[in-house]
Amino acid sequence: MKILFQYLVFPGFLFSACVGLLACWVDRKVSARIQWRVGPPWHQNFTDVIKLLGKETIMPQNAKLTFLLSPFIGLLGLILGAAILGGALFFSGAGFSGDLIVVVYILAIPAIAMIIGASASGNPLASVGASREMKLLLAYELPFIFTILTIIIKSNGAIKFGQILNQQAASGSFIFSLSGGIAFIVAILCTQAKLGFPPFDIAEAEQELMGGTLIEYSGLPLAIFKLTKAVLITAASLFLIILFLGKDLSPLFLLLKFIMILVIIILIKNTNPRARIDQALRFFWGPVTILGLLSLILAVKGL
Amino acid sequence: MDFRLKALTKSIWVFHASVGSCNNCDIEILDCFTPRFDVERFGIQLVGSVRHADAIIVTGAMNRKSAPILKKIYGQAPKPCVVIACGICACSQHMFKDSYNVLEPLDKILPVDVYIPSCPPKPEAIISGIVKLVNKIRGGK
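Numbers given to residues run from 1 along each chain, matching the order in which its sequence is written. As they are written, the chains are lettered A onward and the ligands numbered 1 onward, keeping that order. Under the rules for a predicted model, residues below a pLDDT of 70 receive no local features and side-chain atom pairs below 80 are neither given nor counted, while totals for whole chains, interfaces and linings still include all residues.

(A) Summary view of the overall build of chain A. Scanning chain A from terminus to terminus reveals 13 helices and zero strands. For the radius of gyration, the atom set is restricted to C-alpha positions; the globular benchmark scales as 2.2 Å times the number of residues to the power 0.38. The C-alpha atoms of chain A give a radius of gyration of 19 Å, which matches the 19 Å a tight globule of 303 residues would have. Each of the three principal axes of chain A carries a C-alpha extent, and together these read 55 × 45 × 40 Å. Burial is judged by counting other C-beta atoms within 10 Å of a residue's own C-beta: 20 or more means buried, 12 or fewer means exposed, and anything between counts as partly exposed, with every C-beta placed from the backbone. Every one of the 303 residues in chain A was classed for burial, and the buried ones make up 50%. For the purpose of contact definition, each residue receives a C-beta atom placed from its backbone, and two residues are in contact when these atoms lie within 7 Å. When contacts within chain A are restricted to residue pairs at least 6 apart in sequence, those whose partners lie at least 24 apart make up 80%. Strands here are runs of E lasting at least two residues and helices are runs of H or I lasting at least four, both read from the DSSP assignment and numbered beginning at the N terminus.

Right, dumping it as structure tokens:
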């Protein structure tokens, strides 16, 4: 019963979806202010989701059943990750040995669900989007794993969120050390690609692919994908907070850190044009991976 | 008021179908999203795929090539979906009325919900048309 509550309500679905939808609103509002506009009201993303729930769901003629299943797979998997992350942050002592590894895998599930759904929709533009999403996944996972290895080495081989937080409470946030700072830059870039924000919104490119992976989705499955993205924003930001900014976890500081990470991501989003897929791949496997390796070496040296 | 209806009118996602227009209406539609008018305040967004759309905004006089495509696009849109005729060409074919290439007006093919005349309509006119449409959907005024 308690586990079900954690999964569905507090750190899990309801909490992370509400926080994520508000974060989406912060994104739209800050983007609007950057472009000298006013921007939508705070409840805009909730309205969007409610509206999508009331619309007709269209199943394309040659789509498979996985077309309708994959959004649910992505959302259910991701809620588990959000529940583990929230549990580690809000209830001290929660979690199990190795939950870091589990969450790293879980954070890849939404992208995989999107690839499955897009491939099942039978639309050529969606399959182009799916192939791009797949390449992007391959591109950013490598440097992302380097940053996580850096954190593991810095916290003396701990693969549990609780131990990482304890280590940071004892020795200060990892971001303020040299290797942690470099790893944070790498992790922010990987998060940007994970969330599908510009300059890495290659799979969803509105102008060239007309929505890319989401092109055939309407009504309920589209709402689920929007919710998945909202939960992913929450989960990825909490993940970065645990890994790099785990020193002071009082609610006010937690909120400030959350908004700081959000604003960094939004600023990158609004100041960069979309990269081509080959440019993104070269960027992640070139400079970003080298930075990740550098932070790893520095961490081994103890800096 | 109906909850679903309210959510629908508060977040209109617009698919922009240009069926042979001269681009002036298209530019004026894009002007609605610029800082001066900023219709995103009301939750109106341009979307790339017609599957996400709540409204199809049609510009230009339909010709032989684009008429079947527009019909197909309307069929692909999830209902409820409204059609907005933007510009005098879409409303009444204007100077292309007797052209060999232009067959029939838009409202013979699709159920048009709101007409926005003028060549091209100002962004104020487009916003006013959308306000009238929202009032019509809500069944008031």
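The rest of the description comes next.
(B) How the structure looks around the packing of helix H6 (residues 109–120) of chain A against helix H7 (residues 124–154) of chain A. Residue and element names in this part refer to chain A. Angles shown run from 0 to 180 degrees and are taken between the N-to-C directions of axes, each axis being a line fitted to C-alpha atoms and, for helices, limited to the stretch in contact. Contact geometry for H6 and H7: axes closest at 8 Å, N-to-C directions at 155°. Accordingly, the angle class assigned to the pair H6 and H7 is roughly antiparallel. H6 and H7 meet at a crossing whose hand is left-handed. Counted together, Ala111, Met114, Ile115, Ala118 and Ser119 of H6 and Ala126, Ser127, Gly129, Ala130, Glu133, Met134 and Leu137 of H7 form the full contact between these two elements. When the residues that make up the contact of H6 with H7 are grouped by side-chain class, the tally is eight nonpolar, three polar and one charged. Roughly parallel covers angles under 35 degrees, roughly antiparallel covers those over 145, roughly perpendicular covers 65 to 115, and oblique covers all other angles. In this scheme the crossing of two helices becomes right-handed for a clockwise turn of the near helix relative to the far one and left-handed for an anticlockwise turn of less than a right angle. Only Asp, Glu, Lys and Arg are considered charged, only Ala, Val, Leu, Ile, Met, Phe, Trp, Tyr, Cys and Pro nonpolar, and every remaining residue, Gly among them, polar.

(C) Quick look at the interface of chain A and chain B. Contacts between the two partners involve 25 residues from chain A, matched on the other side by 16 residues from chain B. The greatest single-element share of the side of chain A that touches chain B, amounting to six residues, is contributed by helix H3 (residues 44–54) of chain A. By residue class, the composition of the side of chain A that touches chain B is 10 nonpolar, eight polar and seven charged.

(D) Geometry of the nonpolar core. As used throughout, a nonpolar core is a set of buried Ala, Val, Leu, Ile, Met, Phe, Trp, Tyr and Cys residues joined through C-beta atoms within 7 Å of each other. In this structure, Leu85, Val231, Ala235, Phe239, Ile242 and Leu243 of chain A are the most contacted members of the largest nonpolar core, which totals 89 residues. Looking at which element gives the most residues to this core, the answer is helix H11 (residues 220–244) of chain A, with 18 residues. What Phe239 of chain A contacts, discounting residues up to four positions off in sequence, is Leu85, Val103 and Leu107 of chain A. One finds Cys32, Met62, Ala90 and Val114 of chain B within the second-largest nonpolar core, a separate group that totals 33 residues.

(E) Structural context of the environment of Lys6 of chain B. Residue and element names in this part refer to chain B. Note on placement: Lys6 falls in helix H1 (residues 3–10). The partly exposed category is assigned to Lys6, around which 14 C-beta atoms lie within 10 Å. For the pair formed by Lys6 and Val134, sequence separation is 128 residues and the distance between their alpha carbons is 9.6 Å.

(F) Structural view of the packing of H11 of chain A against helix H12 (residues 251–271) of chain A. Residue and element names in this part refer to chain A. The N-to-C vectors of H11 and H12 enclose an angle of 115°; their axes lie 10 Å apart at closest approach. By the angle between their axes, H11 is roughly perpendicular relative to H12. As for the relative orientation of H11 and H12, their crossing is right-handed in sense. Contacts between H11 and H12 involve Ser237, Leu240 and Ile241 on the former and, on the latter, Lys257, Phe258, Ile261 and Leu262. Of the residues that constitute the contact of H11 with H12, the class distribution is five nonpolar, one polar and one charged.

(G) A look at the pairing of strand E4 (residues 82–86) of chain B. Residues and elements named next belong to chain B. The element E4 is extensively covered by neighbouring structure, given that five of its five residues are classed as buried. By the alternation rule, side chains of E4 split into Val82, Ile84 and Cys86 and Val83 and Ala85, which are all buried. The pairing criterion for strands is at least two bridges between them, as found by DSSP. One ladder, built from five bridges, connects strand E3 (residues 55–59) with E4; its direction is parallel. Within E4, the position partnered with Ala55 by the bridge is Val82. By convention, orient the strands away from the viewer: a clockwise path from the first strand over the helix to the second makes the crossover right-handed. Each parallel crossover has a hand, and for E3 linked through helix H3 (residues 66–76) to E4 it is right-handed. Sheet topology places E4 next to strand E5 (residues 114–116); three bridges connect them, and they run parallel. Note on E5: the bridge partner recorded for Ile84 is Val114.

(H) Molecular detail of unusual backbone geometry. At the junction of Pro198 of chain A and Pro199 of chain A, the peptide bond is cis and its omega measures out at 5° in the coordinates. Residues Cys119 of chain B and Pro120 of chain B are joined by a peptide bond in cis, for which omega reads -10°. In this model, Trp36 of chain A sits at a positive phi of 65°, which is unusual for a non-glycine residue. By the element assignment, Trp36 of chain A lies in the loop between helix H2 (13–34) and H3. A residue is classified by how many C-beta atoms lie within 10 Å of it, and Trp36 of chain A, with 10 of them, is exposed. Positive phi, normally seen in glycine, also occurs at Gln93 of chain B, with a value near 70°. On the secondary structure map, Gln93 of chain B appears in the loop between helix H4 (88–92) and helix H5 (106–109). Assessed through the 19 C-beta atoms surrounding it within 10 Å, Gln93 of chain B is described here as partly exposed.

(I) Main features of the environment of Leu238 of chain A. All names here are of chain A. Mapped onto the elements, Leu238 comes out in helix H11. In this structure Leu238 comes out as buried when scored by C-beta crowding, with 27 C-beta atoms within 10 Å. Expressed as a C-alpha distance, the spacing of Leu238 and Ser121, which sit 117 residues apart in the sequence, is 32 Å. Leu238 has contacts with Leu85, Gly86 and Leu89, leaving out every residue within four places of it along the chain.

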